[in-house]
Amino acid sequence: MKFREGDKVEFIWIGELKQGVVTEIEETKNAISYQIKYSGEMGMTWLDERDLLSPAPVLKVPQCVADWYEANKDKLDYNIWRYIYEWDGHDEEHEFWQFMNGINKHPITILNKMKDGYEVEKEPKVSE
């Protein structure tokens, strides 16, 4: 796996998972080394390709799902199903359920993944 300058990467540093960005690449006959900029004591380090991972993709959800999650995330550990089935999604209800129950999607799995972070899907631009 080769990385390019500007790629986000993950690596283990002193027993902790760190995230950084590739800032420079050195390639020899036997190895590829990457200079990684990250937040921490050193701020920069050189690592071999085998020591780097691509970060897990960030879960993308529609705005209505993000809104529901933010309004209910403190209650989810208590009784997640109650909040899913009592949700009054107003005008977005159809889009919410379409996303939560779509092909290969499971509401509990989605909500648990959202605890680790998510991004709101960008709405397509309407051209006039």
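Thresholds applied
- Residues numbered from 1 in each chain as written.
- Predicted model: local features only at pLDDT ≥ 70, side-chain atom pairs only at ≥ 80, totals over all residues.
- Heavy atoms only, no water.
- Salt bridge = Lys/Arg side-chain N within 4 Å of Asp/Glu carboxyl O.
- Helix = DSSP H or I, 4+ residues; strand = E, 2+ residues; numbered from the N terminus.
- Buried < 20%, exposed > 50% of the residue type's maximum accessible area, 1.4 Å probe, protein only.
- Core = buried A, V, L, I, M, F, W, Y, C linked by side-chain atoms within 4.5 Å.
- Contact = heavy atoms within 4.5 Å.
- Lys, Arg positive; Asp, Glu negative; His and termini not counted.
- Polar contact = N/O pair within 3.5 Å; in protein donor to acceptor, adjacent residues only side chain to side chain.
- Phe/Tyr/Trp six-rings, centres within 6.5 Å; stacked < 30°, edge-to-face > 60°.

1. Some remarks on the pattern of salt bridges
- This structure, assessed with the given rule, holds five salt bridges.
- Close ionic contact of lysine 2 with glutamate 27 constitutes a salt bridge, the shortest N to O distance being 3.4 Å. On the criterion of sequence distance, the pair formed by lysine 2 in the segment before β1 (8-13) and glutamate 27 in strand β2 (residues 16-27) is long-range, its members being 25 residues apart.
- Here glutamate 27 falls in the exposed class, since its relative accessible area comes to 54%.
- Where glutamate 70 meets lysine 73, a salt bridge forms, and the shortest distance between an N and an O atom there is 2.8 Å.

2. A look at the nonpolar core
- Core analysis: the largest hydrophobic core is formed by 13 residues, its most contacted members being Val61, Val65, Phe96, Phe99, Met100, Leu111 and Met114.
- Among the elements of the structure, α1 (63-72), α3 (93-100) and α4 (107-114) are those that each provide at least two residues to this core.
- A per-element tally of this core places α1 first, with five residues.
- If sequence neighbours within four positions are ignored, methionine 114 has contacts with Leu59, Val61, Val65, Ala66 and Tyr69.
- Within the second largest apolar cluster, 10 residues are counted, among which are Val9, Val22, Ile32 and Tyr38.

3. Some details on the side chain of glutamate 10
- The topology assignment puts glutamate 10 in strand β1.
- Within the buried set, glutamate 10 has no salt-bridge partner at all; the shortest N-O distance to an opposite charge, 9.9 Å, is to lysine 8.
- Within the structure, the side chain of glutamate 10 is placed 2.9 Å from the side chain of glutamine 19, a separation counted as a polar contact.
- Residue contacts for glutamate 10: discarding those within four places in its chain leaves Leu17, Lys18, Gln19, Asp51, Leu52, Leu53, Ser54, Pro55 and Ala56.

4. Re the packing of aromatic side chains
- With the rule as written, the count across this model stands at three aromatic pairs.
- With centroids separated by 5.3 Å and ring planes inclined at 80 degrees, the aromatic side chains of phenylalanine 11 and tyrosine 38 adopt a geometry described as edge-to-face. Remark: tyrosine 38 occurs in strand β3 (residues 32-38) and phenylalanine 11 occurs in strand β1; sequence separation between them is 27 residues. We note that phenylalanine 11, like tyrosine 38, is buried.
- Here tyrosine 69 and tyrosine 118 contribute two aromatic rings whose centre-to-centre distance is 5.6 Å and whose plane-to-plane angle is 80 degrees, an arrangement assigned as edge-to-face. Here tyrosine 69 is found in helix α1, whereas its partner tyrosine 118 is found in strand β6 (residues 118-120), with 49 residues between them in sequence.

That is the geometry; function is a separate question.
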